[in-house]
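Coordinate analysis (summary)
Each chain, written out:
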Amino acid sequence: SELIRGFLLSGMPCPSSCPPGLLALMAPGLALMATLSLPSHAGDRRALPVEKPPGVKGRTLILLDVNTKSPVRIISENFLSLQLDPSIIHDGWLDFLSSRRLVTLARGLAPAFLRFAGKRTDFLQFHNVKNPAKSRGGPGPDYYLKNYEDDIVRSDIALDKQKGCKIAQHPDIMLELQREKAAQMHLVLLKEQFSNTYSNLTLTARSLDKLYNFADCSGLHLIFALNALRRNPNNSWNSSNALSLLKYSASKKYNISWELGNEPNNYRTLIGRSVNGSQLGKDYIQLRSLLQLIRTYSRANLYGPNIGRPRKNVIALLEGFMKVAGSTVDAVTWQHYYIDGRVAKVTDFLKTRLLDTLSDQIRKIQKVVNTYTPGKKIWLEGVGATSAGGMNNLSNSYAAGFLWLNTLGLLASQGIDVVVRHSFLDHSHNHLVDQNFNPLPDYWLSLLYKRLIGPKVLAIHVAGLQRKPRPGRVIRDKLRIYAHCTSYHNHNYVRGSITLYIINLHRSRKKIKLAGTLRDKIVHQYLLQPYGKDGLHSKSVQLNGQPLAMVDDGTLPELKPRPLRAGRTLVIPPLTMSFYVVKNVNALACRYR
């Protein structure tokens, strides 16, 4: 087999004295998530016991090969996508989406979808009013300096005079005033979130223009979630306000895809009455009919129902929806948050049990979808490390990246087509970019992923040494390895190259020897580690020992690899995330799109 050939090439044959029982012990410890998640037709490959090589004491040497003949999954080019929460209308950050720095950061993650949705989706009202001075919502001029609003208006006027992409350079004093406003408004938004009572939110035509301009300038495709809680007396969806928004968007020829509502399983707690799956399906059919009446959106994509965690009642809602409208939507969507942000600890992000909770949810969603619409694409939307808006110094720290990168690897290997990260900007502490418009660790992780990872997922084969577990102790995978074809958009690598990405949750370094088709190839290392004295709590990162930061408002830094000589063993430092591009493999699976 390919695996045995890998052993022979590495010079480490397994003697006849290898204990047969070791096979059973090694399987759970070394199959690694990418292998465990393969479809059944891919076949199971048991790890073979090998002799401990000279000089390696108490260490695990992993032998790694990749199936280069054909991909096991192919995901969307927009697999890693972004979300903006409607709360940016409340706290004023929507007015700053024209910032050159923000647009530069968003462009770095293109191509992608930009989903405009969140808990306040179902309290959003569209008003087709253009005069920003009269229509601006918010707490009013007494809330912060009056000249701040005047500056916003002047900025709007300056943007209107620009052609094509409308980019602004906001003065520092303007940003400082905005941060003061947002900090005070944040307390109001938190109170709403914890009490689960939300005030209505007004989206003006001017605000929609700014949102679309940001998406368009950044190379992102906008997905807009419409308010589903405007209900008629018979509990059917009242589409009048949505129709106004659709007509305005069509008049501007905005290229938008659509959704309806956010987490419909929570409607009873929000408004005191529920919307069952059957009724929600009828609402989606009604929305599809509306779109078909408007020429601009007659072929627009429609996604839903964006349910929450698939517990029993939520699965029932999804089943009811799929029976009625499964063929109406272009992809089925759901949400997932790992931890309650109010009680999170940094050690939570290192728990393999936590990393594995998503697998069960994927299976539940896939079972329902494949029952009613086999082959329908599935998206995970609104994903974040923690609920309740995240937790300061945790969900925006280096440690949170373990969850994020494992989520990307697990979803891709299970065939989930798109994952939408909540949020790109200013959603408490789950965001990728902070209020100073500085990228946080998960942004840099996402940027590396976009630059290096292509849509074709490859099967990996691994084997190695594993110490015997203590009685009653479950071995979980603290070393996660995933493999893809290298991104076709990266012109530094020829087609046929392969990218590995590795998560080491061990508190000791691990060694990996590339075997088989990967043997004796030149490798480029991209090792991402925390920067500064805060360690896993750090909000800054270094790539191969060099701190990452923007060059200026319009320029992202060059992501320089560290070349490793052909045949060198990969040494993975403890508690790190890394990418390895194996050059010139000439993998058949990766030669063509």
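What counts, and where the lines are drawn
Residues numbered from 1 in each chain as written. Predicted model: local features only at pLDDT ≥ 70, side-chain atom pairs only at ≥ 80, totals over all residues. Heavy atoms only, no water. Helix = DSSP H or I, 4+ residues; strand = E, 2+ residues; numbered from the N terminus. Buried < 20%, exposed > 50% of the residue type's maximum accessible area, 1.4 Å probe, protein only. Contact = heavy atoms within 4.5 Å. Areas by Shrake-Rupley, 256 points an atom, 1.4 Å probe, with all protein chains shown as cover. Expected span 1.5 Å × (residues − 1). Pairing = 2+ DSSP bridges. Axes fitted to C-alpha atoms, helices over the stretch in contact; angles between N-to-C directions. Salt bridge = Lys/Arg side-chain N within 4 Å of Asp/Glu carboxyl O. Parallel < 35°, antiparallel > 145°, perpendicular 65-115°, else oblique. Left-handed = near helix turned anticlockwise from the far one by under 90°. Nonpolar A, V, L, I, M, F, W, Y, C, P; charged D, E, K, R; others polar.

If you check an unreviewed UniProt entry, the protein appears there as HPSE2 protein from Pampusana beccarii.

From N to C terminus, the protein includes 17 helices and 23 strands. Here the protein holds 593 residues, and 60% of them are scored as buried. Put simply, 84% of the contacts in the protein that link residues at least 6 apart link residues at least 24 apart. Summed over all atoms, the accessible surface of the protein reaches about 24,400 Å², with 50% contributed by carbon and sulfur.

Moving on, we get to unusual backbone geometry. Residue glycine 304 is joined to proline 305 through a cis peptide bond whose omega torsion reads 5°. In this structure, proline 305 sits in strand 9 (residues 302–307). The step from histidine 422 to serine 423 runs through a cis peptide bond, and the omega angle for that step is 15°. Its place among the elements puts serine 423 in the loop between strand 12 (418–422) and helix 17 (441–452). Phi angles above zero are rare outside glycine, and glutamate 263 is one such case at about 45°. The residue glutamate 263 is located in the loop between strand 8 (256–260) and helix 11 (267–271) in this model. For asparagine 544, which is not glycine, the phi torsion reads 50° and is therefore positive. One can find asparagine 544 in the loop between strand 19 (541–543) and strand 20 (546–547).

The next thing to look at is helix 16 (residues 400–413). When the terminal C-alpha atoms of helix 16 are compared, their 20 Å separation across 14 residues agrees well with the 20 Å that a helix rising 1.5 Å per residue should span. Of all 14 residues in helix 16, 14 are buried, a share of seventy percent or more. Looking one or two residues beyond helix 16, the residue adopting positive phi is glycine 415, at roughly 85°.

With that settled, consider the sheet that holds strand 17 (residues 510–514). One open sheet accounts for four strands, arranged 14-1-17-22; its pairing is mixed. On the outer flanks of this sheet lie strand 14 (460–464) and strand 22 (570–572), each paired with one strand and no other. This sheet shows a mean twist of 30° between the axes of neighbouring strands, independent of strand direction. Relative to strand 14, strand 1 (residues 61–66) runs antiparallel, the two sharing five bridges. Counted as the bridge partner of leucine 63 is alanine 463 from strand 14.

Turning our eyes to something else, we now look at the pattern of salt bridges. Summed over all chains, the structure comprises 14 salt bridges. Across the pair aspartate 330 and arginine 288 runs a salt bridge whose closest N-O atoms are separated by 3.1 Å. Of this pair, aspartate 330 sits in the loop between helix 13 (312–325) and strand 10 (331–340) while arginine 288 sits in helix 12 (residues 277–293), and the two are 42 residues apart along the sequence. Between arginine 519 and aspartate 520 there is a salt bridge, with its nearest N and O atoms 3.3 Å apart. Since its relative accessible area comes to 46%, aspartate 520 is described here as partly exposed. Among the charged side chains, a salt-bridge network with shared partners connects Arg115, Glu259 and Glu381.

So, on to the side chain of histidine 431. As for its position among the elements, histidine 431 is in the loop between strand 12 and helix 17. Classification of histidine 431 by relative accessible area gives buried; the value is 6%.

Another point: the packing of helix 13 against helix 15 (residues 357–372). With their axes 10 Å apart at the nearest point, helix 13 and helix 15 run at an angle of 25° to one another. When the axis of helix 13 is compared with that of helix 15, the two are roughly parallel. Here helix 13 runs over helix 15; the crossing is right-handed. In this structure, helix 13 uses Ile315, Leu318, Glu319, Met322 and Lys323 to contact helix 15, whose residues at the interface are Lys364, Ile365, Val368, Val369 and Tyr372. Residue classes in the contact of helix 13 with helix 15 are distributed as seven nonpolar, no polar and three charged.

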